[in-house]
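These are the residues of each chain, in order.
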Amino acid sequence: MLDIIARILNREAGGSREIAKERLRLVLVHDRSSSSPELLNALKEDLIKVIRDYLEIDEEALLVNFENESDSVALIANIPVKGFRRVVNE
Amino acid sequence: MENGKPESKVIVVTSGKGGVGKTTTVANVSTSLARMGHRVVVMDLDIGLKKLDLILGLENRVIYDIIQVIEGECTLKQALVKDKRFPDLYMLPAAQTRNKDEITPEQVKALCDELRPDFDFIFIDCPAGIEQGFRNAIAAADDAIVVTNPEVSAVRDADRIIGMLESAGFKDIKLVVNRLRPDMVKQGDMLSIDDLLEHLCIDLLGIVPEDKNVVISTNRGEPIIMNNRAVAGTAFTNISRRLLGEDVEFPNFEDSSFWDRFKLLGRNLFSSK
């Protein structure tokens, strides 16, 4: 009897499977991002390549990192801009 | 690989997290392959914390261990324990009073090369963890099987191990999900097979449902595959058949509970006019 009540209460709270899925997703994003510094470095180099065409940036001070919030993971890039390229409008 | 028969295969069974059922998987898959007539040897590399001899029920027959072979105190043949129930199954025991750092990947490779000509399958029971013992265990392997449970901590460790196996050059890594409780998945209280595959992205080799009979057969030292009525036994036998290349369908545990079948039966009875 108690078991049935517990089950009903549980169901109302939403199954723990969904909680597990979400926690797993987050932890894996975090684990994979921190276990692959090569990935981050490659991304950084590509970012520099693209941005260089538009802006003058301080490549030494460029920071790219993953940041964990309670329910999300974000890619945070801090890119100091030294100057803009002169744009020639046709 | 160069010496020995090309078809002999070294398979490492690993998991990262301890207690998910690596040794049970190794014991049952190898026993079932031996029962089908394949020549199988199981190498216990969980040095210092051995379990395989107990699960296979061979603990009283152990004379020498793998460290003694490596240190030249006995020959490899002398150390191999033959399973009387399955004439094609042999076990190379781990040492209980030594530790994992006392052997090197090269020594494990040399042992496997010595075993290859005489066996179709060489299974390596890998210790939990990602240290030296893990590196020793994967060094000689051609293929890898990762065992996990439908539980966040086990899946996280499995993910880490898969990453390490991939960077060590393993391809076609296979997943075994052990201790699944279909009733709990259905109730929304356990990760499903699809949930796991979505994250781990490797091929599924087997699903082993939680089964009380596993405890009973471990108590007795008899592999669960010897119990024809145990669902876990069937699951392990199916894993062996898949390893042999057979296309064995995965039973859909998730919607075939007893009650479902009962309801289906009722529906069929009432709708048959």
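The rules we used
As a convention, each chain's residues are numbered from 1 in the sequence order in which they are written. Chains carry letters and ligands carry numbers; both start at the beginning, A for chains and 1 for ligands, and go up in the order they are written. Per-residue local features are limited, in this predicted model, to residues with pLDDT of at least 70; the limit for side-chain atom pairs, both in listing and counting, is 80 or more; totals at the level of whole chains, interfaces and linings are taken over all residues. Hydrogens and water molecules were not included; the side-chain quantities draw on all heavy atoms of the structure. By definition, any uninterrupted DSSP run of H or I lasting at least four residues is a helix, any uninterrupted run of E lasting at least two residues is a strand, and each is numbered from the N terminus. To get the radius of gyration, use the C-alpha atoms; to get the globule rule, take the number of residues to the power 0.38 and multiply by 2.2 Å. When a residue's accessible area, from a 1.4 Å probe over protein chains only, is under 20% of the maximum for its type it is buried; when over 50% it is exposed; and in between it is partly exposed. Note on contacts: a residue pair is in contact if any heavy atoms of the two residues lie within 4.5 Å. Accessibility throughout is a Shrake-Rupley quantity obtained with a 1.4 Å probe, and a residue counts as covered only by protein chains that appear here. In this tally, Lys and Arg are treated as positive and Asp and Glu as negative; His is ignored, and so are the chain termini. Note on charges: their place is set at NZ of Lys, CZ of Arg, CG of Asp or CD of Glu. Put simply, buried area is how much 1.4 Å-probe accessible surface two parts lose in total, over both of them, once they are put together. One side-chain nitrogen of Lys or Arg within 4 Å of one carboxyl oxygen of Asp or Glu is enough to make a salt bridge. Fitting a line to C-alpha atoms yields each axis, with helices limited to the stretch in contact; the angle taken between N-to-C directions then spans 0 to 180 degrees. Handedness of each helix crossing follows the sense of rotation of the near helix against the far helix: counterclockwise by less than a right angle gives left-handed, clockwise gives right-handed. Amino acids are sorted into nonpolar (Ala, Val, Leu, Ile, Met, Phe, Trp, Tyr, Cys and Pro), charged (Asp, Glu, Lys and Arg) and polar (every other residue, Gly among them). Each aromatic pair joins two rings of Phe, Tyr and Trp (for Trp, the six-membered one) with centres within 6.5 Å, and gets the label stacked for planes under 30 degrees apart, edge-to-face for over 60, and tilted for any other angle. Polar contacts, as counted here, are pairs of nitrogen or oxygen atoms within 3.5 Å of one another; within protein the pair requires one atom able to donate a hydrogen and one able to accept it, and residues that are adjacent in sequence qualify only if both atoms are side-chain atoms. Any two strands with at least two DSSP bridges between them are considered paired.

A few words now on the overall build of chain B. Each helix and strand counted, chain B has 12 helices and 8 strands in total. In terms of C-alpha radius of gyration, chain B reaches 19 Å, essentially the compact-globule figure of 19 Å for 273 residues. Judged by the C-alpha coordinates and their principal axes, chain B covers about 75 × 40 × 35 Å. Within chain B, the proportion of its 273 residues that are buried is 52%. Contacts in chain B between residues far apart in sequence, at least 24 positions, make up 77% of those at least 6 positions apart. Summed over all atoms, the accessible surface of chain B reaches about 12,900 Å², with 51% contributed by carbon and sulfur. Across chain B, the 34 positively charged side chains and the 42 negatively charged ones have centroids separated by 6 Å.

Every contact between the two is made by 15 residues of chain A and, on the other side, 13 residues of chain B. In total, chain A and chain B occlude about 1,400 Å² of area from one another, counting both sides; carbon and sulfur atoms represent 54% of this. Put simply, chain A and chain B have 4 salt bridges between them. Among the salt bridges present, the one from A:Asp31 reaches B:Arg156, with a minimum N-O distance of 2.7 Å. Put simply, the parts of the chain that give the side of chain A that touches chain B at least two residues each are helix H1 (2-12) and helix H2 (16-35) of chain A. For the side of chain A that touches chain B, the leading source of residues is H2(A), giving 11 residues.

Tallied over the entire structure, the rule returns 20 salt bridges over all chains. Between A:Lys49 and A:Asp46 there is a salt bridge; the shortest N-O distance is 3.3 Å. Taken together, the residues span about one helical turn, with A:Lys49 and A:Asp46 both in helix H3 (residues 37-52) at a distance of 3 residues. Here the salt bridges share partners, and the residues they tie into one network are A:Arg17, A:Lys21 and B:Asp195.

Residues and elements named next belong to chain B. Running from N to C, helix H1 (residues 22-35) and helix H11 (residues 231-243) point in directions that differ by 65°, and their axes come no closer than 8 Å. Here H1 runs over H11; the crossing is right-handed. Contacts between H1 and H11 pair Thr24, Thr25, Asn28, Val29, Ser32, Leu33 and Arg35 from the former with Phe236, Thr237, Ile239, Ser240 and Leu243 from the latter. The residue makeup of the contact of H1 with H11, split by class, is 5 nonpolar, 6 polar and 1 charged.

With that out of the way, let us pick up the packing of aromatic side chains. Residue and element names in this part refer to chain B. A complete count under the given rule lists 2 aromatic pairs over all chains for this structure. Ring geometry for Tyr90 against Phe119: centres 5.6 Å apart, planes inclined by 75°, an arrangement best described as edge-to-face. Linking Tyr90 in strand E4 (residues 89-92) with Phe119 in the loop between helix H5 (105-115) and strand E5 (121-125), this pair joins segments that are 29 residues apart in sequence. Take Tyr90: its relative accessible area is 23%, and that puts it in the partly exposed class. By relative accessible area, which is 5% here, Phe119 ends up buried. Pairing Phe121 with Phe123 gives two aromatic rings, centres 6.0 Å apart and planes at 20°, and the pair type is stacked.

All right, on to the side chain of B:Asp159 then. Here B:Asp159 shows up in helix H7 (residues 152-167). Owing to a relative accessible area of 10%, B:Asp159 belongs among the buried residues under this scheme. Engagement of the side chain of B:Asp159 in a polar contact is seen with the side chain of A:Arg32, the distance being 2.4 Å. B:Asp159 has contacts with A:Leu28, A:Arg32, B:His199 and B:Leu200, leaving out every residue within four places of it along the chain.

We now examine the environment of A:Pro80. Residues and elements named next belong to chain A. As for its placement among the helices and strands, Pro80 is situated in the loop between strand E3 (73-78) and strand E4 (81-84). Residue class for Pro80 comes out partly exposed when judged on its relative accessible area of 28%. As for Pro80 and Leu28, which are separated by 52 residues in sequence, their C-alpha atoms are 30 Å apart. The contacts of Pro80, once residues within four sequence positions are left out, are Glu56, Ile57, Asp58, Ala61 and Leu62.

A few words on the pairing of E4(B). Residue and element names in this part refer to chain B. The sheet contact formed by strand E2 (residues 40-44) and E4 spans 4 bridges and is parallel. Among the inter-strand pairings, Val40 is bridged to a residue of E4, identified as Leu89. Bridging between strand E3 (residues 81-82) and E4 involves 2 bridges; their strand directions are antiparallel. Bridge assignment links Val81 to a residue of E4, and that residue is Met91.

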